[in-house]
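Coordinates in review
Chain by chain, the residues run as shown.
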Amino acid sequence: MVIVYTTLMASSDVSGYDVTTGTFTAPVLGLYMFSVNSCHYKDWATVAIVKNNEILIASSQKDTSDPSCHTVQTIATLVPGDKVWVKCNGSCRLYENSNMWNTFSGSLLQAITGNE
């Protein structure tokens, strides 16, 4: 199951992320960093960052008493058209309140032009 993040935090120069599908499509060749923060309460939060159907990194955590969050991140080289998304990798009952947010972020660290 793809997790769709429908609220964009950045208000300008956001390109590549589709809020209807939850998928980021790389606009340029480059080195990108992606991060997912997932929160849960008395249940499992098992998430994975996926590139073109290949899991780049996954994490699973269960809390038994208080709400908590955990973050995973990865760096990947993408070519234009590569797709990256977050999926529920098994059990995934996310929790959110005014102080605990589930987020997915990505940044272009360095464009690759072939002149490096």
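A short tour of the structure in this document, coming up. As the structure is a computational prediction, the values presented were derived from the model and not from experiment. (Residues numbered from 1 in each chain as written. Predicted model: local features only at pLDDT ≥ 70, side-chain atom pairs only at ≥ 80, totals over all residues. Heavy atoms only, no water.)

Moving on: the pairing of strand 5 (residues 44–51). Strand 5 sits mainly inside the fold: seven of its eight residues count as buried. When strand 5 meets strand 6 (residues 54–62), the two strands line up antiparallel, connected through eight bridges. Within the sheet, the bridge partner assigned to Lys51 lies in strand 6 and is Glu54. With antiparallel pairing between neighbouring strands as the criterion, strand 5 and strand 6 make up a hairpin whose turn holds two residues, including Asn52 at a positive phi of roughly 50°. (Buried < 20%, exposed > 50% of the residue type's maximum accessible area, 1.4 Å probe, protein only. Helix = DSSP H or I, 4+ residues; strand = E, 2+ residues; numbered from the N terminus. Pairing = 2+ DSSP bridges.)

Mapped onto the elements, Asp66 comes out in the loop between strand 6 and strand 7 (68–78). Between the alpha carbons of Asp66 and Lys42 there is a distance of 7.1 Å; along the sequence they are 24 residues apart.

Tallied over the full model, the rule gives five aromatic pairs. For the pair Phe34 and Phe104, a centre-to-centre distance of 6.0 Å together with 20° between the ring planes defines the contact as stacked. Of this pair, Phe34 sits in strand 4 (residues 30–40) while Phe104 sits in strand 9 (residues 103–111), placing them 70 residues apart in sequence. Of the two residues, Phe34 and Phe104, neither departs from the other in class, the shared state being buried. Pairwise contacts between aromatic rings join Tyr17, Phe24, Tyr32, Phe34 and Phe104 into one cluster. (Phe/Tyr/Trp six-rings, centres within 6.5 Å; stacked < 30°, edge-to-face > 60°.)

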